[in-house]
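If you want the building blocks of each chain, they are given just below.
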Amino acid sequence: MREFVTKRLYRDVEGTCTGRYGYIIAVVAILEIQMGKVIPGHGSAEFEVKYSAILYMPFRNEVVDAVVDNVNTLGVTANAGPFGIFISRSYIPTDMKFDPHSNPPSYHSEDQKIEKGAMVRVKITGTRVDATEIFATGTIKEDYLSVIE
């Protein structure tokens with residue numbers, strides 16, 4: 001029974017997001033599995049498990065590296081691990097112009113180009129936490145932020 005509960009914990013918990021703690025990247029150790037309680041009229045059992053895990057919660061003013069997922073006239077959407085970041089057009093340097101006719105669409109200046117698949121260094125300006133997902137907004141309009149070569 002212990003092996004079943006352990007496998008079920010890894011399967012159900014790793015890779016999920018809780019609004020309180022952030023993303024559960026990996027379960028490191030199972031500290032305690034208490035005796036199960038049978039749920040009346042249902043025939044299944046419930047176990048209380050204490051475990052330690054590696055968590056990730058993005059916070060305001062954190063600088064992260066992200067992969068660009070989408071580029072359009074409103075701005076850029078990028079993924080930094082498990083969560084998405086939206087970078088508004090107003091938080092992209094003014095020397096970078098949007099080119100809808102390039103394939104794929106991109107923001108570009110004389111020496112840099114932001115297109116799908118590019119790596120960017122982003123400063124998180126805000127986060128919104130739902131019960132199962134975290135959304136962030138960011139900027140690349142500061143020193144040392146932008147495309148990573």
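On a predicted model such as this, the values are computed, not experimentally measured, just so you know.

Calculation notes
- Residues numbered from 1 in each chain as written.
- Predicted model: local features only at pLDDT ≥ 70, side-chain atom pairs only at ≥ 80, totals over all residues.
- Heavy atoms only, no water.
- UniProt positions renumbered as here; feature names shortened; annotations may be inferred.
- Helix = DSSP H or I, 4+ residues; strand = E, 2+ residues; numbered from the N terminus.
- Phe/Tyr/Trp six-rings, centres within 6.5 Å; stacked < 30°, edge-to-face > 60°.
- Buried < 20%, exposed > 50% of the residue type's maximum accessible area, 1.4 Å probe, protein only.
- Expected span 1.5 Å × (residues − 1).
- Arc of directions from axis to C-beta.
- Contact = heavy atoms within 4.5 Å.
- Pairing = 2+ DSSP bridges.
- Core = buried A, V, L, I, M, F, W, Y, C linked by side-chain atoms within 4.5 Å.
- Axes fitted to C-alpha atoms, helices over the stretch in contact; angles between N-to-C directions.

Colleague: Lay out the UniProt feature "domain: RNA polymerase Rpb7-like N-terminal" (unreviewed entry) in the protein chain in plain terms, naming residues and giving numbers.
Modeller: Cross-referencing UniProt, the feature "domain: RNA polymerase Rpb7-like N-terminal" (unreviewed entry) maps to residues 3-43 in the present numbering. Each end of residues 3-43 is marked by a C-alpha atom, and these two atoms are 20 Å apart; helix forms 27% of the span and strand 39%.

Colleague: Break down the UniProt feature "domain: S1 motif" (unreviewed entry) in the protein chain for me, citing the residues and quoting the values.
Modeller: UniProt's entry tags residues 58-134 with the feature "domain: S1 motif" (unreviewed entry), counted in the numbering of this structure. From the first C-alpha to the last, residues 58-134 spans 8 Å; its make-up is 0% helix and 55% strand.

Colleague: Tell me what's going on with the packing of aromatic side chains, and back it up with residues and numbers.
Modeller: For the structure shown, the criterion picks out 2 aromatic pairs. Both rings, one in Phe98 and one in Tyr107, keep their centres 5.1 Å apart while their planes meet at 50°; by these two values the pair is tilted. Tyr107 carries the same exposure label as Phe98, and that label is buried.

Colleague: Before we move on, can you summarise helix α1 (residues 2-13) with the specific residues and values?
Modeller: Here α1 spans 16 Å end to end across 12 residues, near enough to the 16 Å set by a 1.5 Å rise per residue. Along α1, the residues that are buried comprise Val5, Thr6, Leu9 and Val13. Along the axis of α1, the buried residues cluster in a sector spanning 100°; they form a single face. Exposed residues pointing more than 90 degrees away from the buried face of α1 are listed as Glu3, Phe4, Lys7 and Arg11. Its buried side turned inward, α1 meets β2 (22-33) and β5 (49-56). In the segment just after α1, Gly15 is the residue with positive phi, at about 85°.

Colleague: Can you explain the sheet that holds strand β10 (residues 106-108)? Please cite residues and give values.
Modeller: Pairing is antiparallel in the open sheet, where 3 strands are placed in the order β9-β10-β11. On the outer flanks of this sheet lie β9 (97-99) and β11 (113-114), each paired with one strand and no other. Where β10 and β11 come together, 2 bridges link them in antiparallel fashion. Bridge pairing links His108 to Lys113 in β11.

Colleague: Talk me through the nonpolar core; I want residue IDs and the actual numbers.
Modeller: Formed by 26 residues in total, the largest nonpolar core has its most connected members in Val76, Ile85, Tyr107, Ile114 and Val120. The set of elements that each furnish at least two residues to this core consists of β6 (63-72), β7 (75-80), β8 (83-88), β12 (119-129) and β13 (134-139). Considering every element that reaches this core, the biggest residue donor is β6, with 4 residues. Beyond its immediate chain neighbours, meaning those up to four positions away, Val76 contacts Val68, Asn70, Val71, Ile85, Phe86, Ile87, Ile92, Tyr107 and Ile114. If you look at the next biggest cluster of nonpolar residues, it comprises 7 residues, including Val5, Leu9, Val13 and Ile33.

Colleague: So what about the sheet that holds β5? Which residues, and what values?
Modeller: Backbone hydrogen bonds hold the strands of a sheet together, and the pairing may be parallel or antiparallel. With antiparallel pairing, the 3 strands of this open sheet are ordered in space as β1-β2-β5. Here the strands that pair on one side only, and so sit at the sheet edges, are β1 (17-18) and β5. Relative to β2, β1 runs antiparallel, the two being bridged by 2 bridges. Paired with Thr18 across the strands is Gly22, a residue of β2. Against the sheet, α1 engages β2 and β5, with an angle of about 165° to β2.

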